[in-house]
Amino acid sequence: MRSPVPRGRIREVRFASGLDRSELVVVDHRDLTGPNEVLLIEPDQPVLAADRVRHLHEPVLLLAHPSREALRRAVAAVEIVVDPEPPVLDFTVDPPPGGVQYGDDNVLKRLSIDKGDVETALAGAARIVEGEYRTGAQEHVYLENQGMVAWEEGDVLVVKGSLQCPYYVLKALGHALGRGPDRVRVVQAPTGGGFGGKEEYPSLVALHAALLARKAGRPVKLVYERGEDMEATTKRHPSLVRHRTGVDVEGRLLAQDIEVVLDGGAYVTLSPVVLSRAIIHAAGPYACDHVRIRGRAVFTNSPPYGAFRGFGAPQTIFANERHMDVVAAAVDLDPIELRRRNLIENGQSTATGQVIDDGTDRTALLDRAVELSGWHEKKAAHAELARRHPWRRRGMGLACFHHGAGFTGSGEVVLASRVDVAGLADGRIEVRSGNIEMGQGTLTVFTQIASEASGLAPSAIALAEPDTARVPNSGPTVASRTVMVVGRLIERAIEDLKARLGLPPDAGGDRFAEAIRAAHAERGEAPVGTATYQPPPGVEWDETTYRGDAYAAYAWAVYVAEVEVDLRTYTTRVVDFVALQEVGKVLNETLARGQIQGGVVQGIGWALMEDVVLEDGAMANAQLTNYIIPTSDDVPPIRVTFEETPYAHGARGAKGLGELPIDGPAPAVVNAVARATGTRPTTVPLTPERLMERLEEGRADVA
Amino acid sequence: MSPERGSYADPAVDYHVEIAFTLNGAEVRIRVDPAERLLDVLRYRLGLTGTKEGCAEGECGACTVWIDGLPVDSCLVPAVQARGREVVTIEAVDPMRLRPLLESGATQCGACTPGVVMTALWILDHPDLLETHTVRELMAGNLCRCTGYDGIVEGVLEALEATRDTEREPA
Amino acid sequence: MKVEAPATLDEALACLQAAPLVPLAGGTDLLVHWPGNLEAKAGHYVDLWALDELRGIRRDAEGLTLGALATYWDAIRDSRIREEFPILVQAARQVGAIQIQSRGTWAGNVVNASPAADGVPVLMALDAVVVLASASRRREVPLDAFYTGYRTTVRRADELVVAVRLPDRGNAVQTFVKVGSRRAQAIAKVGLALARSEAGWRVVAASVAPTVVRCRTVEAALDAGDAFAAPEDLLPLLREDVTPIDDLRSTARYREMVLARVLWHAIAEAA
Ligand SMILES: Cc1cc2nc3c(=O)[nH]c(=O)nc-3n(C[C@H](O)[C@H](O)[C@H](O)COP(=O)(O)OP(=O)(O)OC[C@H]3O[C@@H](n4cnc5c(N)ncnc54)[C@H](O)[C@@H]3O)c2cc1C
Ligand code: FES
Ligand code: FES
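Criteria and cut-off values
Residues numbered from 1 in each chain as written. Chains lettered and ligands numbered in written order. Predicted model: local features only at pLDDT ≥ 70, side-chain atom pairs only at ≥ 80, totals over all residues. Heavy atoms only, no water. Near = heavy atom within 4 Å. Polar contact = N/O pair within 3.5 Å; in protein donor to acceptor, adjacent residues only side chain to side chain. Helix = DSSP H or I, 4+ residues; strand = E, 2+ residues; numbered from the N terminus. Contact = heavy atoms within 4.5 Å. Buried area = accessible area lost by both parts, 1.4 Å probe. Salt bridge = Lys/Arg side-chain N within 4 Å of Asp/Glu carboxyl O. Nonpolar A, V, L, I, M, F, W, Y, C, P; charged D, E, K, R; others polar. Buried < 20%, exposed > 50% of the residue type's maximum accessible area, 1.4 Å probe, protein only. Lys, Arg positive; Asp, Glu negative; His and termini not counted. Arc of directions from axis to C-beta. Expected span 1.5 Å × (residues − 1). Pairing = 2+ DSSP bridges. Domains from an automatic or database assignment. Axes fitted to C-alpha atoms, helices over the stretch in contact; angles between N-to-C directions. Phe/Tyr/Trp six-rings, centres within 6.5 Å; stacked < 30°, edge-to-face > 60°. pLDDT = per-residue confidence, 0-100. Parallel < 35°, antiparallel > 145°, perpendicular 65-115°, else oblique.

## Overview of the site of ligand 1
- Not every one of the 35 residues close to ligand 1 is listed here, only the nearest: Pro23(C), Thr28(C), Asp29(C), Tyr72(C) and Thr105(C).
- Near ligand 1, the surrounding residues are drawn from chains B and C.
- Contact distances for ligand 1 include 2.6 Å between an oxygen atom and a side-chain N or O atom of Thr105(C).
- At 3.5 Å from an oxygen atom of ligand 1 is found a main-chain nitrogen or oxygen belonging to Ala186(C).
- At the level of elements, β2 (22–24), α7 (106–112) and β10 (160–167) of chain C are the ones that each hand at least two residues to the shell around ligand 1.

## Focus on the side chain of Asn142(B)
- Tracing the chain through its elements places Asn142(B) in the loop between α4 (135–138) and α5 (150–168).
- Within polar-contact distance, the side chain of Asn142(B) engages the side chain of Thr119(B) at 2.7 Å.
- Beyond its immediate sequence surroundings of up to four residues, Asn142(B) is in contact with Cys60(B), Gly61(B), Thr64(B), Gly115(B), Val116(B), Thr119(B), Tyr149(B) and Gln99(C).

## What about the interface of chain A and chain B?
- Taken together, the contact between chain A and chain B spans 38 residues of the former and 30 residues of the latter.
- Both sides together, the interface formed by chain A and chain B hides about 2,600 Å², and carbon and sulfur atoms give 53% of it.
- On the chain A side of the interface with chain B, the three residues burying the most area are Leu143(A), Leu624(A) and Ser632(A), jointly 25% of the side's total.
- For Asp40(B), the salt bridge is made with Arg68(A), and the minimal N-O distance between the two is 4.0 Å.
- Inspection of the region where chain A meets chain B yields 16 residue pairs in polar contact (both at pLDDT 80 or more).
- Looking at the side of chain A that touches chain B, the elements with two or more residues in it are α1 (68–76) and α15 (589–608) of chain A.
- A per-element tally of the side of chain A that touches chain B places α15(A) first, with eight residues.
- Residue classes in the side of chain A that touches chain B are distributed as 13 nonpolar, 17 polar and eight charged.

## Description of unusual backbone geometry
Residues and elements named next belong to chain A.
- With an omega of -5°, the peptide bond running from valine 684 to proline 685 counts as cis.
- Here proline 685 shows up in the loop between β27 (683–684) and α18 (688–702).
- Positive phi outside glycine occurs at aspartate 332, with the angle close to 60°.
- The residue aspartate 332 is located in the loop between α7 (313–330) and α8 (335–342) in this model.
- With relative accessibility at 69%, the residue aspartate 332 sits in the exposed group.

## A few points about the side chain of Glu200(A)
Residue and element names in this part refer to chain A.
- Positionally, glutamate 200 belongs in the loop between β10 (184–188) and α4 (201–216).
- Although glutamate 200 lies buried, it forms no salt bridge, and the closest oppositely charged side chain, lysine 235, sits 11 Å away as judged by the N-O distance.
- A polar contact is formed between the side chain of glutamate 200 and the backbone nitrogen of alanine 307, at a distance of 3.1 Å.
- Sequence-distant contacts of glutamate 200, defined by excluding residues within four places in its chain, comprise Leu40, Thr234, Leu270, Gly306 and Ala307.

## Quick word on α8(A)
Residues and elements named next belong to chain A.
- For α8, the complete set of buried residues consists of Pro335, Ile336, Leu338, Arg339 and Asn342. The buried side chains of α8 occupy one side of the element, clustering within an arc of 160° when seen end-on.
- On its buried side, α8 packs onto β13 (253–265), α7, α9 (362–373), α10 (375–388), β15 (392–405) and α17 (665–677).
- Near the N-terminus of α8, the side chain that reaches the backbone nitrogen of isoleucine 336, with its oxygen 2.9 Å away, is that of aspartate 334.

## Structural notes on helix α13 (residues 482–500) of chain A
All names here are of chain A.
- Between its first and last C-alpha, α13 extends 25 Å over 19 residues, near the 27 Å set by a 1.5 Å rise per residue.
- Of all the positions in α13, only Thr482, Met484, Val485, Val486, Gly487, Leu489, Ile490, Glu491, Ala493, Ile494, Leu497 and Lys498 are classed as buried.
- Glycine 502 sits one or two positions beyond α13 and adopts a positive phi of about 75°.

## Focus on the interface of chain C and chain B
- On the chain B side, the residues contacting the 41 residues of chain C number 44 residues.
- Taken together, both faces of the contact between chain C and chain B bury some 3,400 Å²; the carbon and sulfur share is 57%.
- Per-residue buried area on chain C facing chain B is highest for Met1(C), Arg93(C) and Gln99(C); these three make up 19% of the total on that side.
- Applying the counting rule to chain C against chain B returns three salt bridges.
- The salt bridge partner of Asp128(B) is Arg77(C), with a shortest N-O separation of 3.0 Å.
- Where chain C packs against chain B, one counts 18 residue pairs in polar contact (both at pLDDT 80 or more).
- A class-by-class count of the residues in the side of chain C that touches chain B yields 22 nonpolar, nine polar and 10 charged.

## Remarks on the pairing of strand β3 (residues 64–67) of chain B
All names here are of chain B.
- Alternating residues of β3 divide into Thr64 and Trp66 and Val65 and Ile67, and every residue in both groups is buried.
- Of the strand pairs in this sheet, β3 and strand β4 (residues 70–73) are connected by four bridges, and their pairing is antiparallel. Counted as the bridge partner of valine 65 is valine 72 from β4.
- Examined bridge by bridge, β3 and strand β5 (residues 86–88) share two bridges and lie antiparallel to one another. Across the sheet, residue isoleucine 67 finds its bridge partner in β5, namely valine 87.

## Concerning the domain arrangement of chain B
Residue and element names in this part refer to chain B.
- Per the domain assignment, the segments making up chain B are domain 1 (17–91) and domain 2 (93–168).
- A separation of 22 Å is found between the C-alpha centroids of domain 1 and domain 2.
- Carbon and sulfur atoms supply 63% of the area that domain 1 and domain 2 bury against each other, a total of about 1,100 Å² over both sides.
- At the boundary of domain 1 and domain 2, one finds zero salt bridges.
- Between domain 1 and domain 2 we count eight residue pairs in polar contact (both at pLDDT 80 or more) in total.
- Tallied by class, the residues present in the side of domain 1 that touches domain 2 amount to seven nonpolar, five polar and three charged.

## With respect to the sheet that holds β27(A)
All names here are of chain A.
- Across the sheet, six strands lie side by side as β6-β14-β13-β12-β7-β27; this open sheet has mixed pairing. The outermost strands of the open sheet, each flanked by one partner alone, are β6 (107–115) and β27.
- Pairing geometry for β13 and strand β14 (residues 290–299), over 10 bridges, is parallel. Each residue of the ladder has a partner; that of glutamine 256, found in β14, is valine 291.
- Together, β7 (127–135), β12 (239–247), β13 and β27 form the strand contacts of α7, whose direction differs from that of β7 by roughly 145°.

## Observations regarding the packing of aromatic side chains
- Following the criterion strictly, the structure yields 13 aromatic pairs over all chains and no others.
- With 6.5 Å between their ring centres and 85° between their planes, Tyr133(A) and Phe318(A) make a pair best called edge-to-face. With Tyr133(A) in strand β7 and Phe318(A) in helix α7, this residue pair connects regions lying 185 residues apart in the sequence. Like Tyr133(A), the residue Phe318(A) is buried in the burial classification.
- On the numbers, 6.3 Å between centres and 55° between planes, the contact of Tyr570(A) with Tyr254(C) is tilted. Separated into two different chains, Tyr570(A) in the loop between β22 (553–566) and β23 (571–582) and Tyr254(C) in helix α11 (residues 252–270) make up a pair that spans both. Take Tyr570(A) and Tyr254(C): they sit in the same class, and that class is buried.

## A word on the pattern of salt bridges
Residue and element names in this part refer to chain C.
- All told, the structure shown has 98 salt bridges over all chains when counted by the stated rule.
- Of the charged contacts, one joins glutamate 232 and arginine 261 as a salt bridge, the two residues approaching to 3.8 Å between their closest N and O atoms. You can see glutamate 232 sitting in the loop between α9 (216–223) and α10 (235–241) and its partner arginine 261 sitting in helix α11, a full 29 residues away along the chain.
- Note on glutamate 232: relative accessible area 36%, which makes it partly exposed.

## Focus on the confidence of the model for chain C
- Looking at chain C as a whole, the pLDDT averages 96, with 100% of positions reaching at least 70.
- In the predicted assembly, ipTM is 0.96 and pTM is 0.96.

## Thoughts on the packing of α7(A) against α8(A)
Residue and element names in this part refer to chain A.
- Axis separation between α7 and α8 bottoms out at 9 Å; the angle between their running directions is 110°. Relative to α8, the element α7 lies roughly perpendicular. Every residue of α8 that contacts α7 at Glu321, Met324, Asp325, Val327 and Ala328 is listed here: Pro335, Leu338 and Arg339.

## Observations regarding the confidence of the model for chain B
- Looking at chain B as a whole, its pLDDT mean stands at 93, while 95% of the residues score no less than 70.
- Throughout residues 1–5 of chain B the model reports pLDDT below 50, and contacts reaching past four residues in sequence, or to other chains, amount to nine contacts.

Have a look at this one:
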């Protein structure tokens, strides 16, 4: 049972008379046996609201019943009565008097990056180009809704469900239930999609299921229906980004002054780290000596925004890449040429001062993508179409971008992830990690990595079920870190196992299996190799000044979209899409291609149609019929190309690629619409309604 | 029949009816509550949990099964309407037929996959559909959030190609 | 919930005479969000799905008869309909996707009375007649006189729609344009069906009024041979005929503008 208003004081919970409560299990905040806090970054979010509610649909009361139908009747018979207070719903303006609900000013987190001297550089610029860009919330729409089963096994509370991070859930359960890690166990069930939506949110679902199971004294299954999943759970942070860019007459970037504002929603959850990734990617893959980035995540009375593939980067990359086209127009340069003049060369540095020297030739990537897309040939055809056809218009747009793999800065060091590899009695090995499969191919790629590192056949590799009672904490399955970071740990754990068995590192296959069997025979227990995260040499990061090596490695990409706009209906269709990226070594072509294609289509959805309509701060169009994601008929084949520069510190030379593809489609598509229509859209999703407004404004400008 | 008005949700009254239908080739006889959907009967009464529920509103296609040879959303079919019909679910699919789809990357998380497979195999069984329709149009009732659809579309096209090749070979 | 399962149309009509039951056809409207719909689950229904006499599409000298259980897929697979009434097939292909087309019926679309329906505008543009039957009588109502307001119709509680009939006449122009939020499986934000026969022009719009409507002011102007230089010139006439609103899916302004623009281009292309 959830809050009916965005802000207020809970007066009472009213049960209709005549409700049969005999088999009904009712849980509220008083049933917690630990602090009423969902453990994450800050302890501000309650497991169940006690006296105040801070967003619509905030959980207040839990009900369970053996019969689903009886439960539905019970839900209809319970009312949460709240005295409403005026909510704060606009993250782009200062809170009104009485609206401050976090700190002194409702700012959940502030972060900044400073490089060089922006004001002086701007003063000396030939042109200063300004722009303001906005992005809306995005709903994950994993096909499988949030769901969890909880039961007690003797003294141990077990929770099994759809989740990305078993150890996050474990810690949250232990904290709010006041139980040590030996009395809670979390098992991941094969998960039907996550995209970040099952990073932090499942802790809440698990807590709710656990509270009910404990009170009911029997197993409880808690599965969200689509509507509840859409209106109550996390989404991508809405953003506002302002750019002030100084360029010289040749279009070289002299200064980038960037302001990033994210809507954090009613609790801190992961907003500080989302903001961190957002600002680090805000200046793009360009070399500029003077950069100032000011970021803040702001409180509103909305359900908390949370992790979503890309984690803040798509918002700032949209702004930056859209802005680059605006800058190009201002200095009368071709957008490709403007980018070519500014892309980071090896030896140059990013906004945080990280010197890039990874051997990747970024201008070559740009040229190759442009060539693959047929950019120059198509331009002429598009001009011809515009002359000939009454309402069809076509255009091309591109985006250059990068995405840091793994946790930001010292995050991986703090995590100190561990992987174990055990030798089994029959000579096979078992990889034990807490990293999970949700469709991105973890099981396949881990098997592949372990097989290559051990010299054993794939059939001789077992992967332990992600069960906190059986696997060590190898960190969450997020941040494009699974293959690069955890895959590397698997390799090292296998090396360690070999060393423990007295084998040289290159001992493979049969000899390895034989040694494992012998060890079993001798000691009667499984030999175990282990590895804990070690940062690559030379990676340095200063958390207080935000200077240094923000990520150990970056993936680089250039995406090109061709769109057709129907001027009768202002509807945009993507007709061709080229996704070219350098992601280190590609370990499995089919899986990697699938990741890119899926991410691009998700990005196209965000760019054009996925519009979260907010009412009272929460999603009002919480049905799949009203929140539209692309179908197979809405997207063209996504043409994927990989360029490979092996990365020495990732498993088999791989860098992360899972999030990268969500970054580029929005700017590429919107730039293409801008070119097709001669307008300057600045907002995603660029729905037909918004494009119409833009075109009408444009017409008014001309008149 | 009972002509009285009012609510037919009295927990004390048993509204169940018995229905019989063919499920994956075998005769099934079962008492159902008329408020149950075919999806509920398959998953919760018959234990055929391969068919998934993604939305309960006919949008996602994860619940796709065949009734009398046509793909339908089982979340929109009252179980009583299965009476006398022939229902086929993902459980009846020969795993060997999934090969081209697996190889082309048609599945990632798998939540959409049972529904995708039911539509894809229906297309493969009726290749003449492609004289009027594209694979992309025919698959539009199966939302997939992972693959971006290329793996699915290619899998169907490759499987069609493979069947044509075997047909061409003399027996 | 209670469901009557008559074996014949007569039995079904007898059920309806005895009590105001809810007819159940393909269920693609009725069962949406079913699990949480306590009220619907407490209802009393009559299942039509087994009434084979209502199935199928027939062609005779007077025209085309869509049985009450004729589905979109039935029309899509019918090569004669594809030739003679192409907008029926165009509209049917844009209803949901195969899983909906295989179960959704034309009659269900008509009775459901959604202003955003896709089946209704093409039927209305072709001067469809709704055939209603009760235990005691049969009557025919032109589709453009079937709706009385938002989601209300002239159908009486004891009546079933048994068929939808289309007159046989040459339609020199048949155009259907659906503007949705995506190409497939979308609810219309604007719908337009345009037809021209010896009976004159028919301009039918969806999602711009409480019901699907004929734009009679525009029709009269077209019949009078008026020409329009630009889409905006249609707006004053359209404003007599439609009353679009803002909702979750779109805005009144968008609906009005886009209707004018697709209509203008459709007329231009028909000329
Ligand atoms: C995912 C999805 C997508 C959809 N997309 C579209 C779309 O693109 N365009 C569109 O127009 N519609 C769409 N619909 C709505 C629906 O599919 C159509 O309206 C369909 O034609 C309804 O037919 P049915 O037989 O399923 O109706 P049912 O749900 O069985 O009934 C609908 C209504 O009509 C009544 N009724 C049915 N038959 C009769 C009869 N013979 N006599 C009297 N009353 C009767 C019922 O009592 C009920 O009130 C969609 C629905 C879903 C779930
Ligand atoms: S669950 Fe049936 S279509 Fe989504
Ligand atoms: S594979 Fe995950 S939704 Fe299709």
